[in-house]
Each structure stands twice: as C-alpha cells, then as structure tokens.
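# Chains, contacts and geometry: an overview
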Amino acid sequence: MNSDMDFDDDAPPMLVSADQPDDAENLSNHVDDLNLTRVPITIITGYLGAGKTTLMNYILNERHGKKIAVILNEFGDSADIEKSLTVSQEGQQVEEWLELANGCLCCSVKDTGVSAIESLMEKRGAFDYILLETTGLADPGNLAPLFWVDDGLGSTIYLDGIVTLVDAKNIIRCLSEPTPDETQADENSTTEHAHGPHLSTAHLQISHADVIVINKADLVSEAELEQVKARISSINALAKIHVTEHSKVPALEGVLLDLHAYDQVDADSIDFASKGHSHLDPAISTTTLTLPPLSSAQLDKLDTFLRNILWTRFFISHPEAEGVSVESAGSRPEIHRTKGRLVMQEGGVKLLQGVREVFEFIDAADVGASNDGASADRGNGKIVFIGRNLVPAALQKTLEDAVLA
Ligand SMILES: Nc1nc2c(ncn2[C@@H]2O[C@H](COP(=O)(O)OP(=O)(O)OP(=O)(O)O)[C@@H](O)[C@H]2O)c(=O)[nH]1
Ligand SMILES: [Zn+2]
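Remember, predicted model here, so these are calculated numbers, not experimental data.

Each value, and the rule that gives it
- Position labels on residues start from 1 in each chain and follow its written sequence.
- Chains carry letters from A onward and ligands carry numbers from 1 onward, assigned in written order.
- Restriction of local features to residues with pLDDT of at least 70 applies here, the model being predicted, together with a cutoff of 80 or more for giving and counting side-chain atom pairs; totals for whole chains, interfaces and linings are based on all residues.
- Only heavy atoms go into the side-chain values, all of them from the structure, while hydrogens and water stay out.
- A side-chain nitrogen of Lys or Arg and a carboxyl oxygen of Asp or Glu constitute a salt bridge if their distance falls within 4 Å.
- In this text, helices come from DSSP runs of H or I with a minimum length of four residues, and strands from runs of E with a minimum of two, each type numbered from the N-terminal end.
- One heavy atom suffices: a residue is near a molecule or strand as soon as one of its heavy atoms comes within 4 Å of it.
- In protein, a polar contact requires one atom able to donate a hydrogen and another able to accept it; more generally it is a pair of N or O atoms within 3.5 Å, and residues adjacent in sequence count only if both atoms are side-chain atoms.
- Every accessible area reported is derived by Shrake-Rupley at a probe size of 1.4 Å, with residue values counting cover from the shown protein chains alone.
- Under the grouping applied here, Gly and all other residues not named as nonpolar or charged are polar, the nonpolar ones being Ala, Val, Leu, Ile, Met, Phe, Trp, Tyr, Cys and Pro and the charged ones Asp, Glu, Lys and Arg.
- Two strands pair under a simple rule: DSSP has to find at least two bridges between them.
- Angles shown run from 0 to 180 degrees and are taken between the N-to-C directions of axes, each axis being a line fitted to C-alpha atoms and, for helices, limited to the stretch in contact.
- The contact rule is simple, with two residues in contact once any of their heavy atoms fall within 4.5 Å.
- By definition, pLDDT measures how confident the predictor is in each residue, and it falls between 0 and 100.

## Thoughts on the pattern of salt bridges
Per the stated rule, a full pass over the model turns up 10 salt bridges. A salt bridge links Lys66 to Glu253; its shortest N-O distance comes to 3.0 Å. Within this pair, whereas Lys66 is found in the loop between helix H2 (52–61) and strand S2 (68–73), its partner Glu253 is found in the loop between strand S8 (240–243) and helix H10 (267–273), the two being separated by 187 residues in sequence.

## Re the site of ligand 1
In the vicinity of ligand 1, 15 residues are found, and the nearest of them are Lys52, Thr53, Thr54, Asp218 and His246. Separating a nitrogen atom of ligand 1 from a side-chain N or O atom of Asp218 is a distance of 2.8 Å. Here ligand 1 loses 68% of its free accessible area of 650 Å² to cover by the protein chains. Take the shell around ligand 1: its biggest share by element is 3 residues, from H2. Taken together, the residues of the shell around ligand 1 break down into 4 nonpolar, 6 polar and 5 charged.

## Overview of the sheet that holds strand S13 (residues 349–355)
Across the sheet, which stays open at both edges, the 5 strands sit in the order S9-S15-S12-S13-S14 with antiparallel pairing between neighbours. Looking at the sheet topology across the chains shown, the edges are occupied by strand S9 (285–291) and strand S14 (358–363). Ignoring which end each strand starts from, the neighbouring axes of this sheet average 15° apart. One ladder, built from 7 bridges, connects strand S12 (residues 334–343) with S13; its direction is antiparallel. Residue pairing in the sheet places Val343 in a bridge with Val349 of S13. Helix H9 (residues 222–235) contacts S9 and strand S15 (381–388) of the sheet and is inclined by roughly 45° relative to S9. Along the sheet face, helix H11 (residues 296–312) touches S9, S12, S13, S14 and S15 and points at about 155° away from the line of S14.

## Some details on the confidence of the model for the chain
Confidence along the chain averages 74 in pLDDT terms, with 63% of residues attaining 70 or more. Across the chain, element-level confidence peaks in strand S7 (residues 211–215) with a mean pLDDT of 97 and bottoms out in helix H7 (residues 187–190) with 41. Overall, residues 75–79 carries pLDDT values under 50, and its contacts beyond four positions in sequence, including any with other chains, amount to 2 contacts. The low-confidence segment residues 179–197 (pLDDT under 50) makes 23 contacts with residues lying over four places distant or belonging to another chain. In the predicted assembly, ipTM is 0.95 and pTM is 0.78.

Right under this line is the structure:
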C-alpha cells in the first residue's frame, strides 16, 4: 500500500495506494471503505532512569486484554535500521522489527516511520494501541507534530498523548542544573530552537506532556513529593499528574491510553490551568488568557495573532515597563504547547490545539455542553500557553489589541 512514498521533507507521510488517485479526500474515503480503525499512539518519554522500561514491562505483563504494540526508540551506538517492537496480547509477547530509514524513529518518522507501522499492521492485524518509548534525551516537541496527522491524510494512526515519567528523587535537580551532555544532546532536538541556558531536557519533556507520572515516590518524603508536584504544575498546569512506585500506574485508560490529548480540550483541565499557579520555575510557565465570545471575524484575527506569536515570535512589550531598556522591557515568547476553548457569539465552542508552531481550531459545538455550569467563568473563552518568556499581562494586552480592537 505504501508503494509510492513521498520523500519530500516538508510533506507529511501519506498512505498511498497504487490503484487510487493521489488525492487526500479519496484516500481517506478509501481508508473508510476498508473499515480501518485509526490506532492511537502514546509517546512515553522521561529522563534517563526515570522508570520507562519498568513501565513498559509492567504494561506488557499485565493482562489487559488489548493488543498493544510497544516500540523502543533507544538510540544506541549502532545505527540499526531496524527497531525492536514487541506486540503484547493476552500476556503473550511477540517480537517484531520495524524497518526505518536511518534507525531513529524520531528522525525518520516523517518519511518511513508511520508507513513502517502501517505496513506492520497490515501484516499482523491492527493494534488497539501503540506505545512508543523515546530515549531519555528526546525532545517530544519535535516528535508530536509528526504524529499529529490530519484526518484527511488517511493515516491509520493518530497521536493520543504524550506521557512523561519523572524521577521524584532527581527531577528538581534535573530542572535546576542541566547536565553538560544536555547542551549537546541529540542533534535533532534543539537545532531549530535556540533554547537559553537554563532550559533542560526535563523542561522540554514536562512542557510537552499531557500526563506526568511522578515515579519513585518511595524515595522521597511527603514534603518533597509536594514540592515536586508544585514545581511540575508551575511548568505545565495542563498535564494530569499521577504518582507511582515502580511505574505501577493506577490504570491504563485515561493514564496512558485514550487520552485524546490532541482532539479534545477538556474544560476542566483548562479551568485547572487557569487557577493561577505560582511561577516556581524560572524557565517555563503556564499562562492563561481570556477572551469574550468571539465573532467569526474575531476568530480570523485570533488566527493571525497565533500565527504571529507562534511562527515569528514577535517582540511583546510589557505595559508596566515604560522607560526601561528594550532588553528588559519586553520578551519574545517561545510557546511549546497551546490549548484553548473559544466561545463563539453565534453559539458553539471552538477548540484550539497547538504544538510549537503547528496549531488548529477544531469544532466542538457538542463537546462543551456537558460541562456547562461547572464554572462561573465558562462564558468566556480561554487560551492556555506553556512556554518561555510568558508575561501574562503583556500577552493579554497584545491579544486584546489584536483580536478585540
Ligand atoms: N526505588 C525505586 N526504584 C525504581 C522505581 N521505578 C524504577 N526503579 C528502578 O530505577 C532503575 C531505572 O529504571 P528503568 O525503568 O530502567 O528506567 P528508564 O527510564 O527505562 O531508564 P533508561 O532506559 O536508562 O532511560 C531500575 O533499576 C529500576 O528498577 C521506583 O518507583 N522506586
Ligand atoms: Zn532522532
């Protein structure tokens, strides 16, 4: 089915069938015809030694009644072009191999990663879930948009969420003192983004997470655990936090699977993020902006505002810093993750999803209704940003000038 792959670096991978026209709409119809279910992929990331392998083994040995493909994306010293993949079903494990262009799934997923997974599913039957463990040094911000494939492309897999494991004992230290090898980390991880000196890999992994598992709880006191939770929430107030020992997560559904982190935006999590969390972390924080119900013309202006801020990272001056030198009076926001729920004047809600410079609005007229009334503030739209150099008052003012003026 993937006989005719497009290796153009800018083109997302497509499922190409020889007897169908090379057209996205027809392709997706073709996929519907074949009655293929789209398989969710969860990316598991975390610092070296946080407990990822322990988690994978726990999942593979549980009798969960699901067919889960587990892909390990360790980068070793050998440039293997095949990756080990373990398919677990009813406690039985089958080893498979995934052929990749250059041995690294995160680098080759654009070209061959998705199609490798698809052809494997043709051979072995569709999986219920795919779990991809990335190396300890990976930057999930690079990986996520590649898997965040549009419906129209007819792909058989979609990104369900990113789960980051942290080591309760070491995480605060990891956030404070980037290790020397982080600065020269995986070449692929930072080339496009010049991060400042205090941004560690742990920051990237936490800021891109939809779920954070704080593991090795047995190694810290209650007070230390609270400190870790507060620090993590201050970086990423959108992520759900679970505390574990030996990576024994309380459940699979909702913790690792069925997260729908990129196709839904849960009103409660937006509310939680907007409660105001102390800026405990100097490098990354979560900020919530509010907007009244929008007209469709204002939604277009918001689209432009988002392009400006996410793509060109324009300079935002701080209204409270008149007369201060330019350097200290403004900032260029660097946004890693965006989520929002926008209330429309004509009724309905638009969901906003973004990873780095990629973002999209999703219609959600019927999604929000069930949550109405849970908060007095539901009548307003909210946008949550996770990133660097976010000064809430300045961002809110810039947003209002761009959208409401
Ligand atoms: N005390 C304690 N040790 C743990 C816990 N979870 C995992 N470990 C141990 O921590 C070590 C590292 O765990 P792994 O699961 O290999 O961690 P990893 O994230 O896969 O590590 P890398 O693959 O090197 O990145 C192992 O010796 C585990 O047995 C825990 O909750 N408490
Ligand atoms: Zn890579």
